[in-house]
Each structure stands twice: as C-alpha cells, then as structure tokens.
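# Structure assessment
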Amino acid sequence: MGPNVTETVISCRSVSKIFGPDPVGHLARLKADPQTSSVGYVQAVRDVDLDIQRGEMLVVMGLSGSGKSTLVRCLSRLIEITGGSVTIEGQDIASLSETALIDLRRRKMGMVFQSFGLLPHRTVLDNVAFPLEMRGQDRSTRYARAREMLDLVGLKGREGYFPRELSGGQQQRVGIARSLAIEPDIWFLDEPFSALDPLIRREMQDEFLRLKGLLNKTIIFITHDFDEALRLADRIAIMKDGRIEQCDTPDQIVLHPATEYVAKFTAEIDRARVVRAGSLARPLAAVPEGDATAATLTIRDLARHLVADRRAVIPVADAEGKIIGGMDRQEALDVLLGDAK
Amino acid sequence: MTRPAARSSGMAGLLLALALFLAFGKLLLPEGLIRPPEWLVQPFADWINAAFYFLQNDLGLMALTRAFSDVVEWLLDVTANLLYGKSRWPDIGPIPWIVVAATAFMAGYALKGWRLAALSGGTFVWIALMGQWKWAMETLSVIVVAAPFSVFLGLVMGVLAWRSPRFERILNPILNIAQSLPHFAYMIPVVVFIGVGPKAGAIVTIIFSVPPMIRMTLLGLKRVPEEVIEAGKMAGSTRWQLLSRVRIPTARPEILIGVNQVIMQCLAMVVLASFIGMPGLGQKLLQLLQALKIGLSVEIGVTIVLLAVTLDRLSKAWALRLPEHDEPSARWLHRNRLLVIWLSLCIAGLVLAQFVPYLHEVERKQALSVAGPIDAAMDQVIRVIAPVTAWLRWFLITWVLIPMRDAYLWLPFTAVLALLAAVGWAIGGLRSALICLGYFGLIALSGWWDRAMITVYMVNISVLIAALIGLPLGIWAARNPPRAARILLICDTAQTFPSFIYLIPVIMLFGVNDVAVVAAVVVFAAVPIVRYTIEGLSNVPPELIEAAEMSGATRRQTLWHVRLPMALPTMLVGANQSVMFSLFMVIIAAFIGTQDLGQEMQRALSSTDVGKGLVLGFAVAVMGLMTDHLITRWSEDRKRALGF
C-alpha cells in the first residue's frame, strides 16, 4: 500500500514538548535521569520519531490528553518544540526565521480546527479568502479563488453569510475551504469532525474522502475516534501519554497490536471490516487454481465468497492482476467470525 | 490547601479583643493613641505640590499639556460650531436641530429598530422643544471630542499591556487607584495644568474615562479563542496582520462594551465638570439646584437622564449587534437603503429649516416648559408628605446620624485600626490584615482622620440602609423571572444616570442637609445590591433547587439553605460596587454641605491646591481599595468553597 515512489515530506526525530517553568532544563534532567520527578511539568510529547510520506494520509489517534494536538502543532510550529527536530522537505523548521516560517505557511500548509477557528466578523467569502489576503493577493483573484473553494465544499450561495448564521457542519466546510484556498501540499486536520453530531460527522467524512480523492495531498488527521481513523487512514499512529505506541497500517494494527494499550483499543473492533485480503496473503510455493481475489477487498467484502469457496488457500492479486500470495481460508474465516487470536 | 481556619480566627479574635479594649479603655489611653499625634502626620500634600511644581515648571510638562490642550480646544471649537453655532471655523453651524434628531432616529433604527429609534429621536426632539438645545449641545460637543480620544488612548494602552506583561503589571495597580479616585481628585491637577472652562472639562473627561477602555481592550484581547489565532497564524499572518485583522476584530464585542463605558463615564464627568467651569447641562443644573429651583432642575434632570439612556442604549446596541448577511441578489440601493434614507431625511431637514426657523432653532421664548406645573405639583406633594419627611429627617438626624457620627469620631484611631486588622485577619489572614492596616494607616498619617471618619460613617450608614432595602427587594424580585427581568431593566437604566441626578429628588424631599445626602447615597447604592441579588439568586443551578424541593425543603428553607449561600459570591460583588458607588456619591454630595473629605476636596478645588486635593482623593481611594480587597477576597473564598 501507499504511493510507489516514497519521498519523506515531514520527518520528526525524537521530538519532545514539555510545558512548565523551565522545559529545556527539565528535558536535560530527564535525559540524565529518567526517574526525575515531573511535578509542575507536563510532558505533552515524548521522544516522537515519525516519517510522513508525500501523498500519505496519516491519522494520529489517541484519547484526549494523549498529546496528539500538541504533536500536530509542533509539526506546523504553532508551538515551539522543547527537544528533537522537525524537518519539512529537508528543512529544519526550528531554524526558520519568522518571515521564512510565515512564507512556508503561506505556500505549503493548511489547517482545519476542531472548533472551526473562523473569524466571526468576516463573511464566509472573506473567511475563505483570508489566507490569500494575508499573501497580499488582489481582491478579485482572491474572491474568485474563494468562490471556487466554496463550490468545492458545496457552500455556493452562502458567500455573504456570517459564521454564526451557519450550522456546525457548514462552518466546518468553511474551515476546510479556507485551509485549501492556498492549495497547500500539507494539510493538517485537528479533530475536524469531533464537534459535530454523529450523522453530520458521517456525512463530512464522506465529503472528506471525496476531497481527498480529488486532491493529492499529504494529510495529517487527528482524531480520538478509532472508527474514524480506520475509515480514513493509510497509516495510523496511536498515541498515549505523549508517546507513539504504534504507527502502522490499520490492518497491521488490528492484526498485530504492538502493545497492551493498542490491543485494548482494537478489542472491540470488527476486524473483518478492517483486514484486507492483501494483509493475510503469504508467499506461495505454487499458485492454486481458479480466480484470484483483489488485495484491497476487506474480509467482510469477501464474506460470501469465503463461505462458498472450497479451496484451502485462495490466491490474492494486486491492482495490476499480479498474484502476490495466497490467503489461508481458515484464517480468513476466523477473522470474519471474530475468533482470531 | 486550606488555610488553618482555627488559628486565624483565633488571631482575629485577639485583634478584636484589642480593638474593644482600646475603645472601652479610652479614658485610660494617652492622647497619642486616641487621635493621630502631630508628629505622626506626614506633609504628603507638600510633597505632592513640590512634585507638581517640578513637573510643571522645571520639567516643562506645562508646554506639552498646553500643546495637547490646544489640539483639544481646536476640535472643541469645530464641534461647538457644528452643534450650537459658536463662531469658529468651519463657520457652517449650527446644524438645525431637526437634522440632529433625524440622525439620532436613524442611528437608533439601524442599530436596534423602531423602539430605540423612537427613544433616541424623541430625546433630541424633547431637548429642542424644551429650549435646552444649546446647553445639551455644549455637553454633547465635549463628549463627541473626548470619547474618541479616550477610546483611542485606551485601545493603544490596552494593546501595549497585552503585548507586555511587565507593562500590565505596572498598569494594573495604577488603574485600580484611578478607578477608586473620586471625580474631584481628577479635576484639581487639570485645573492647575489647563485652567478652567470647556477645554479643562474635556481633558478631565478624557483622563477619567480611559481606564475602563484599557481594561476592556485587554480583556477582549485575552479572550480571543486560541483556535482563531492559530487559524490566523496558519494563514501566514504577520504579527501586525494578526493583531489588526484577527485579534482586534475578534475582540470587537468587548472593545465596543469598552466604548459604551467610555461614553457613560464621559457623560458622568462632563456633568460634574461644571464645578470647573464647564458650561452645559451640568452647570445649568448646578445653578438651579443651588437656587433651589426644583421645577427647572427636574427639566434638566429629565434631559440628562434621557441623554444618558439614549447614549447607553445606542452604544450597547452597537456592541451587541450581530452581523447579518444581505441577500446575495440585493442591489446597491437595497443594501444601502438606511444610508439613503438618512441622507434624504437630512436634506429634507436642512431645506425645511430654511423656511421654518422653528425647526432650525427653538428660541427661548418659544420653548415649552413644564417647570411651573412641576413646581405646583411638587408643592402639593411636599405639603402632603411634609409631616412624614420632617419626622424622618428629625428621627434620622437626632437618633441615627448624629449619634453614629459622634460614635465614629469618639472611637480612638488605634481601636479602628485594630478592628480593621481583625476583620482583615478573619477574611484573608495576615496579608489582608496588613493591607487593611496599611491603607487606613495612610489615612491616619495624612492628618485627615476626623474628616475621613465622617466619610466612613456616611458610607456605612448609607450602605446599611441600602442593603436593608435592596436585599428584600432583590429577593422578592427574583421570585418570578418576568418580574426579575423588569427590575433588572430598571436597575440597568438607573445605573446609567450620572450620579449628580440623584441629588434632585432628595433635595426636593429633604432640603439641604445630611439626610438628603444619605438618601441620595442610599438610592444610588441600593441599585447594585438589588441587581446582584437578583442575578445571584436567578443563577442558582435549577437542579440544586429541585434537589432541595425533593428533600422536602419549604420555600423559606430553600432560600436560606440553598439559594442565598449559592448566591453569596455574586451578592458580594454587588456589595462591593455599592460601597464604591456610595463613596463617590458622598464626595459628590459634598456641595450640599457635609463636613467630610468631600467638603475639603471642594475647598481644595476652589483654591487649586493640588497636594491637598490629591491627598484627600487618595484617602477616599484607599477606603475603596481596602473594601474591594476584603470583599473580593471573601467572595473568591466562598466561590472556591462552593467549587465554582
């Protein structure tokens, strides 16, 4: 899975963020002696290593207080990190001057916020055009672009409204349109749908998947909702107490949880909806006869087929039709029936 | 951590015992413990005068203030020409009153709708028809100049305080003192630097009304949601863009509430600035009150009240107005219809005024006046209630006021200090005890102990009576929500009146004496008590009341055991305001003839004695600050105890 040519866009090396009176000193003390008391300090992010590829969609998952929002703010340098380094396209962002950082944000980054972060005194159109205004684009170009963005998120006709006159879902559409106005390469979404009710949330997730298909962007998406993570992610990073417990594809997380904590998370999940044929495929000595099944289909998608097919090993083929291995039918049925180990 | 209650109350008890011992052992005390001895009194006034002399003459500050006041004077001349036709540049005034009234009407309509339009338009029609146009415009021209200055200064200083925490730390205590200084304390230095007249009135108004603007700007900037700022940063805003296009516009509601407060402070000050020769409604009212012309002063009073309510409602409506979208298909004419209507009304007014002079200017002899009937009616009323008021006056003076005043003056100052320390200790431990001692110690050192005790007694008795009236009224009003809303509206409206206004009815009823002062202060001080009692009681969480009802509590039990304890922190805020208001009012009422700090302050004002005036002002301020400290501390402890 993932893009064929991998190019790291964002790279974190032992990133730490500590809040408190003397964060840098405290980090040094912790390095010297991990037993140092942390009273009066909050270690929001601890020693995170992470590489994000171009075009990848990484979901950062964790309960509230696990440091996921802080981590994403470290990536965009909305907050300064205490230790380690963050590089974006090979450039250490901590070393950027204020002007260079502003320029980077104006050209490359967009962000969507949990409670929308819209400017209450500006119309929808002016909110979406805001980043373009900051770049100093003239009025007619920025309005044209903003209208285009509003069309894209389905808010045509609401240009003159003020944020308070819109529903939560509509406000978040404005937030999304604003974050896309400058055509960013890197798109941060900080729990974008958490403030919405379940029905609207579902609708917005579909909308998001549609947009994601249209635009080829590197996406860092934060959520505390595991179902949402499974639904949207290429890779999931699960955070606890500021550390990344595991960072892997959804089916690997479900099939091979790295820690107790991750296992607890995945316990309630219907694996058949997550695990794909590809991840059950093992190398084959000899290719079995008959039709191969597509690697991207989930076990749930294959349920009928699995029950009907009598072969012990079912061949699995990738998108080009090349056989990549064989899936053990019994193992697949175990996943389907929920009694896999 | 909880403070060791037992030990602290023990210490408070000890101090209380000391206070009682000093009071009852007065006969045994040496003179030095009864009145602050000569050697203790410091010549603060001389020090301040020396400092001012240095500022004024050696530092050349005079030139700077003169330059600033010249700018203000030029602006005052322009507005004076436009509003009431003073012969100065641009020499096009006065604008016909009908045009001003139409403008006020349209402003009200645009901001809130028909009712506000009727109020604001009607106010100006009343002013014109009553023949008070020139006075009202004299007053208004100062506000028109002073308010923008204050708003601008407050905005700049608020932003600076927000940018630099160190500046905020320096500014905060200054603002605290500034907001506890009585109006007169501001006037004396201004008279020294600028002289008397409209210019001085405008400048004292500017200085007086800046503090709330600074506070509200700072508050607004701090309240901007973090995500909005982050969104601005992610959009690639520079710091300046972030401040000017994200933070300040998002803080708009708080900033506009600040503007509202500035305008109301300006009006209150402008009216009082009549004491330093500021012409206008205030001066007229002062003259009429001094001549005891009740009917005419009622007319002016109504005008001031109408003006206050109009200005308050207009600026509040502006602050609270939520943005609304236009239909996308709307034409230019439709979108700007209010502007077009206003312009056509103005043109129509200008043309009409050319042909009908009455609509341009109402001559004094054409003016309506209800003073005669009011005087007659008042005579009737007073004749009817005179026995009651006379008895009340006699009773209060002989049995309450004079004994209390004598008691306060009789108390040895050491006993008062020990008592305050005891109260401080009981509420906030050692720190509060020291704060109380420090503040009142300063009064003892200033040499104005006796005068200060008279002020203290007037404030105490007034707040006590105000609480006796205000608490039951508040509790009664909070019993049913529509009634609570009505009473709150009355309180809000009453709070917008400049304090001066409260003197008219009391002088009418009681004449010129201490009872009138106390009555004015009581009314003024009861308003915040009623208001915060209602607010505190109405905001008790309903599930608590339901829980009490389900436990079988009667209404009285619910009130005593659930609602009042829960409402106490809010009610304490009301008590705090009440004390502040009565301090200010007692000082203002001094011109009726009290023998307290206020009277001395008036003397300092007429002899332009900056040192004395400021010492007296600070003496009043420390009383306010001490009360504020104690009540805030208590209220916060209660809040914490209740888990808010």
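### Side note on the overall build of chain A
- The helix and strand tally for chain A stands at 13 helices and 14 strands.
- Its C-alpha atoms give chain A a radius of gyration of 23 Å, near enough to 20 Å, the size a compact globule of 341 residues would have.
- Principal axes of the C-alpha set define a box for chain A whose edges measure 65 × 60 × 35 Å.
- For chain A, the residues scored as buried account for 43% of the 341 residues in total.
- Residue pairs in contact within chain A that sit at least 24 positions apart in sequence constitute 66% of those at least 6 positions apart.

### What to know about the overall build of chain B
- On a plain count of helices and strands, chain B comes out with 28 helices and zero strands.
- Against the compact-globule benchmark of 26 Å for 644 residues, chain B has a radius of gyration of 27 Å, which places it among compact chains.
- Principal-axis analysis of the C-alpha atoms gives chain B an extent of 85 × 60 × 60 Å.

### Re the sheet that holds strand S6 (residues 109–112) of chain A
Residue and element names in this part refer to chain A.
- Pairing is mixed in the open sheet, where six strands are placed in the order S6-S7-S8-S3-S9-S10. Each of the sheet's edge strands pairs with one partner strand only, and the pair in question is S6 and strand S10 (243–248). Taking each pair of neighbouring strands and ignoring which way they run, the sheet shows an average axis angle of 15°.
- With five bridges connecting them, strand S9 (residues 235–240) and S10 associate as antiparallel partners. Considered in S10, the bridge of Ala 237 is made with Cys 247.

### Examining the pairing of strand S1 (residues 8–19) of chain A
All names here are of chain A.
- Here S1 pairs with strand S2 (residues 42–53) via eight bridges, running antiparallel. The residue of S2 that forms the bridge with Ile 10 is Ile 52.
- Sheet analysis places S1 next to strand S4 (residues 83–88), joined by five bridges and oriented antiparallel. Bridge pairing links Ser 11 to Thr 87 in S4.

### Describing the domain arrangement of chain B
Residues and elements named next belong to chain B.
- The domain architecture assigned to chain B consists of domain 1 (1–34 + 412–446), domain 2 (60–94 + 130–281), domain 3 (95–125 + 291–369) and domain 4 (380–410 + 449–644).
- One C-alpha centre belongs to domain 3, the other to domain 4; they are set 35 Å apart.
- At the junction of the two partners, domain 3 supplies nine residues and domain 4 supplies seven residues.
- Of the residues assigned to the side of domain 3 that touches domain 4, the class counts are six nonpolar, two polar and one charged.

### Observations concerning the environment of A:Gly278
Residues and elements named next belong to chain A.
- If you trace the backbone, Gly 278 turns up in helix H11 (residues 277–280).
- Judged by the 20 C-beta atoms lying within 10 Å of it, Gly 278 is buried.
- Each C-alpha atom of the pair Gly 278 and Ala 319 lies 11 Å from the other, and the pair is 41 residues apart in sequence.
- Not counting the four nearest positions on each side in its chain, Gly 278 is found in contact with Ala 295, Thr 296, Val 316 and Ile 324.

### Points about the sheet that holds S2(A)
Residues and elements named next belong to chain A.
- Taken in spatial order, the four strands of this open sheet run S2-S1-S4-S5, and their pairing is antiparallel. Both edges of this open sheet fall to S2 and strand S5 (91–92), since each of them pairs with a single strand only.
- Across the sheet, helix H1 (residues 23–32) touches S1 and S4, and the angle it forms with S1 is around 95°.
- Against the sheet, helix H2 (residues 68–75) contacts S1, S2 and S4, and its axis sits at roughly 60° relative to S2.

### Section: the interface of chain A and chain B
- Contact residues are listed per partner, giving 25 residues for chain A and 21 residues for chain B.
- Elements with a contribution of two residues or more to the side of chain A that touches chain B: helix H3 (98–108), S6 and helix H4 (124–134) of chain A.
- Among the residues making up the side of chain A that touches chain B, the classes are represented as 12 nonpolar, seven polar and six charged.

### Thoughts on the packing of helix H24 (residues 542–550) of chain B against helix H25 (residues 555–588) of chain B
Residue and element names in this part refer to chain B.
- In the contact formed by H24 and H25, the axes pass within 10 Å of each other and the chain directions differ by 165°. Here H24 is positioned roughly antiparallel relative to H25, judged by the angle of their axes. In the crossing of H24 with H25, the sense of the turn from one axis to the other is right-handed. Residues Leu 544, Ile 545, Ala 548 and Glu 549 of H24 form the contact with H25, whose participating residues are Thr 558, Val 562, Arg 563 and Met 566.
- Considered class by class, the residues forming the contact of H24 with H25 number five nonpolar, one polar and two charged.

### Let's talk about the packing of helix H12 (residues 252–272) of chain B against helix H14 (residues 294–320) of chain B
All names here are of chain B.
- Contact pair H12 / H14: the axes reach a minimum separation of 8 Å and the direction vectors enclose 170°. With respect to H14, the element H12 is oriented roughly antiparallel. For H12 against H14, the interelement crossing comes out right-handed. Contacts from Pro 253, Leu 256, Ile 257, Val 259, Asn 260, Ile 263, Met 264, Leu 267 and Val 271 in H12 reach Ile 304, Leu 307, Ala 308, Leu 311, Asp 312, Ser 315, Lys 316, Trp 318 and Ala 319 in H14.
- Counted by class, the contact of H12 with H14 contains 14 nonpolar, two polar and two charged residues.

### With respect to the nonpolar core
- Core analysis: the biggest nonpolar cluster contains 290 residues, and A:Val128, B:Leu267, B:Ala520 and B:Val521 have the highest contact counts within it.
- Sorting elements by how many residues they give to this core places helix H19 (residues 413–446) of chain B first, with 19 residues.
- In this structure, B:Leu267 is in contact with B:Ile143, B:Leu307, B:Ala308, B:Leu311 and B:Pro498, ignoring residues within four places of it in sequence.

What counts and how
- Residues numbered from 1 in each chain as written.
- Chains lettered and ligands numbered in written order.
- Predicted model: local features only at pLDDT ≥ 70, side-chain atom pairs only at ≥ 80, totals over all residues.
- Helix = DSSP H or I, 4+ residues; strand = E, 2+ residues; numbered from the N terminus.
- Rg over C-alpha atoms; globule rule 2.2 N^0.38 Å.
- Buried ≥ 20, exposed ≤ 12 C-beta atoms within 10 Å, placed from the backbone.
- Contact = placed C-beta atoms within 7 Å.
- Pairing = 2+ DSSP bridges.
- Axes fitted to C-alpha atoms, helices over the stretch in contact; angles between N-to-C directions.
- Domains from an automatic or database assignment.
- Nonpolar A, V, L, I, M, F, W, Y, C, P; charged D, E, K, R; others polar.
- Parallel < 35°, antiparallel > 145°, perpendicular 65-115°, else oblique.
- Left-handed = near helix turned anticlockwise from the far one by under 90°.
- Core = buried A, V, L, I, M, F, W, Y, C linked by C-beta atoms within 7 Å.

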